[in-house]
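# Reading the structure
Below are the chains, spelled out letter by letter.
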Amino acid sequence: MITILTIIFVTLLSSSHVLAKTDDGTARTPPMGFLSYTAFDTDTDCDRYPNSCINEQLYKEMADRLVADGFADLGYRYVNVDDRWMEKDRDANRRLVADRKRFPSGIKGLADYMHSKGLLLGIYGDIGNLTCSGTLPGQNNHNTGERDFFDIDAQTFAEWGVDSFKQDGCYEDVKKYDQLYPRMGDELNKTGRHILFTCEWPFFQYVLGGIHPDYAAISRTCHTYRNYKDVLDSWASIDEIIKYYGDYNDEFIKYSGPGHFADPDELTIGNSGLSYDQSRTQMAMWSVWSSPLLISTDLRKLRPEYKAILQNRELIAVNQDRHGIMAKMVYRDNDHQIWVKPMEPVIGGQWSYAVVYLHKRPMGHPIYMSKTVSELIPDVKDNTKYEVHDLFLDDGKEILGTVGKNDRLELLVRPSGSVRMVKLVVK
Ligand SMILES: *[C@@H]1O[C@H](CO)[C@@H](O)[C@H](O)[C@H]1NC(C)=O
Ligand SMILES: *[C@@H]1O[C@H](CO)[C@@H](O)[C@H](O)[C@H]1NC(C)=O
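Residues numbered from 1 in each chain as written. Chains lettered and ligands numbered in written order. Predicted model: local features only at pLDDT ≥ 70, side-chain atom pairs only at ≥ 80, totals over all residues. Heavy atoms only, no water.

Next up on the list: the sheet that holds strand β16 (residues 418–426). Strand order in the open sheet formed by six strands is β9-β10-β11-β16-β13-β14, with antiparallel pairing between adjacent strands. Edge strands, defined here as strands with exactly one partner in the open sheet, are β9 (328–332) and β14 (399–404). Taking the axes of each pair of neighbouring strands and ignoring which way they run, one obtains an average angle of 25 degrees across the sheet. (Pairing = 2+ DSSP bridges. Helix = DSSP H or I, 4+ residues; strand = E, 2+ residues; numbered from the N terminus. Axes fitted to C-alpha atoms, helices over the stretch in contact; angles between N-to-C directions.)

Have a look at this one:
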């Protein structure tokens, strides 16, 4: 009964607006996988750094680890190549060519490799003259004194069997993005292959161009869209992204959902920059925001405690909830925040909720954070009860108790960017 009602509701919703390109069935839940950028940058010196330069071996080894270490079974299926995979010059047919030395099997060969393992391949390009590293061809490539290459590149990617395309925003006038990104989206759509389109349109417009992005148009064009600075391997960076998502929370809630998710950039968990607690915090926030979960760390060297965070089934289930709702920030002061995400199970019209308590003060002992259920869920019904599930098992037991409207959800939270995360499961 509940399922039937939800289906009717979803059908009503989707028939009430013009069919967007992002309604093609791609990214109904946030994409999960690997992206090389934060962990490996764009180093091409394979003589000096044979195990961490950008070449096909790197992506194949990451794919092998995703499968062998259980990531793929949990949903981490995209292996995303970033900048510097291509040759400087296009071929005689004006098609992009993979670097002959570092990608000897070509992108088609790499895509075949991924598909043979049940994985998906993502590739990188740029809306402007050059990719962001500054010397390689983008899709607009005026430097050749010729036409642009949106159509040729889309067809090439489709023929190669590419599953995802990240289009960066360097070397172009950000004011033209409202025309250019939808054109690229059209070209990808015309190929007939479902290619997840990930845009840097709002990031470049807002952060670098001072333009408030047209999120309605963006969410019709891009399956995921980077809307803030590149994540760095540091707590300062994660903290800044969390602040930005709080500042624009209402707008991002409105324009993020199945088929079109806001993307706060990669998970940096497993690298050198975040503590264990801060790594849990990144995973918790990205999960309640319904953000893409793109791991960027050397999976060959991942320590078990970080692997456990990335493989936390409860958090992945929060992230992959089929409604794809972005959490609401219900409380913020200098040192604390509380975020609440509606999710399944929904019983008799009453939702369940994932709740994150964040404690940022960089000193002192663990403190209790405490709110009544009605402060977390303003429209809670008088007699609804929720079972409180501890999603990181910080209390050593899964179910912490049962709460109703006027009860307090009180949790002890460590300092310095730590979280507690629970799920209020409606009874
Ligand atoms: C192309 O866009 C239409 C909506 O405009 C959508 O129904 C269709 O599935 C898309 N095709 C592909 C291959 O993405
Ligand atoms: C792109 O290239 C064209 C042709 O060389 C040039 O006029 C234009 O300024 C370039 N755009 C950017 C943003 O670099």
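Back to the text.
The next subject is the pattern of salt bridges. Tallied over the entire structure, the rule returns 36 salt bridges. A salt bridge links aspartate 99 to arginine 102; the shortest N-O distance between them is 3.1 Å. The burial state of aspartate 99 is the same as that of arginine 102; both residues are buried. Sharing partners across several salt bridges, the network here consists of Asp277, Arg280, Asp390, Asp394, Asp395, Arg414 and Arg420. (Salt bridge = Lys/Arg side-chain N within 4 Å of Asp/Glu carboxyl O. Buried < 20%, exposed > 50% of the residue type's maximum accessible area, 1.4 Å probe, protein only.)

Turning our attention to the packing of helix α6 (residues 177–190) against helix α7 (residues 201–208). A pair of packed helices is characterised by two quantities: the angle between their axes and the separation of those axes. Axis separation between α6 and α7 bottoms out at 10 Å; the angle between their running directions is 165 degrees. Classified by the angle between their axes, α6 and α7 sit roughly antiparallel to one another. Both α6 and α7 take part in a crossing whose hand is right-handed. Here α6 contributes Tyr177, Asp178, Tyr181 and Pro182 to the contact with α7, which in turn contributes Trp201, Phe204 and Gln205. Its residues assigned to classes, the contact of α6 with α7 shows five nonpolar, one polar and one charged. (Parallel < 35°, antiparallel > 145°, perpendicular 65-115°, else oblique. Left-handed = near helix turned anticlockwise from the far one by under 90°. Contact = heavy atoms within 4.5 Å. Nonpolar A, V, L, I, M, F, W, Y, C, P; charged D, E, K, R; others polar.)

Moving on, we get to the domain arrangement of the protein. Entries for the protein in the domain assignment read domain 1 (19–319) and domain 2 (328–426). A separation of 31 Å is found between the C-alpha centroids of domain 1 and domain 2. Roughly 2,000 Å² of surface becomes buried between domain 1 and domain 2 when both sides are summed, with 58% attributable to carbon and sulfur atoms. Of all residues in domain 1, Arg280, Val288 and Val318 give up the largest surface area on contact with domain 2, accounting jointly for 28% of the area buried on that side. Linking domain 1 with domain 2 are five salt bridges, by the criterion used here. The partner of aspartate 277 in a salt bridge is arginine 414, and the shortest N-O contact between them spans 2.8 Å. On inspection of domain 1 and its partner domain 2, the count reaches 14 residue pairs in polar contact (both at pLDDT 80 or more). Every element with two or more residues in the side of domain 1 that touches domain 2 is listed here: α9 (235–247), α10 (249–255), α11 (276–288) and α13 (313–319). No other element matches the eight residues that α11 contributes to the side of domain 1 that touches domain 2. (Domains from an automatic or database assignment. Buried area = accessible area lost by both parts, 1.4 Å probe. Polar contact = N/O pair within 3.5 Å; in protein donor to acceptor, adjacent residues only side chain to side chain.)

This paragraph deals with the pairing of strand β1 (residues 32–35). On β1, burial covers both faces: Met32 and Phe34 on one face and Gly33 and Leu35 on the other are all buried. Examined bridge by bridge, β1 and strand β8 (residues 293–295) share three bridges and lie parallel to one another. Looking at β8, one finds that phenylalanine 34 is bridged to isoleucine 295. For β1 and strand β2 (residues 78–80), the ladder comprises three bridges, and the chain directions are parallel. Within β2, the residue paired with glycine 33 across the bridge is tyrosine 78.

For strand β11 (residues 350–359), a buried count of nine out of 10 residues is recorded, marking the element as mostly surrounded by other parts of the structure. Bridge analysis of strand β10 (residues 336–347) against β11 gives nine bridges, and the strand direction is antiparallel. Bridge pairing links isoleucine 338 to tyrosine 357 in β11. Between β10 and β11, which pair antiparallel in sequence order, lie two residues; one of them, glycine 348, sits at a positive phi of approximately 55 degrees.

Now for the side chain of threonine 268. Topologically, threonine 268 is positioned in the loop between β7 (261–263) and α11. Residue threonine 268 is classed as buried on the basis of its relative accessible area, which comes to 0%. When near neighbours in sequence (up to four residues on either side) are disregarded, threonine 268 contacts Thr38, Val231, Leu232, Asp233, Ile238, Leu274, Gln282 and Ser296.

This structure, assessed with the given rule, holds three disulfides. The side chain of cysteine 132 participates in a disulfide bridge whose partner is cysteine 170; the two sulfur atoms lie 2.0 Å from each other. Its S-S torsion of approximately 100 degrees makes the covalent link between cysteine 132 and cysteine 170 right-handed. Placement of cysteine 132 in the loop between β3 (120–126) and α5 (150–160) and of cysteine 170 in the loop between β4 (164–168) and α6 is noted, with a sequence separation of 38 residues between them. In this structure cysteine 132 comes out as partly exposed when scored by relative accessible area, which is 29%. Relative accessible area serves as the criterion here: at 16%, cysteine 170 is assigned to the buried category. (Disulfide = S-S within 2.5 Å.)

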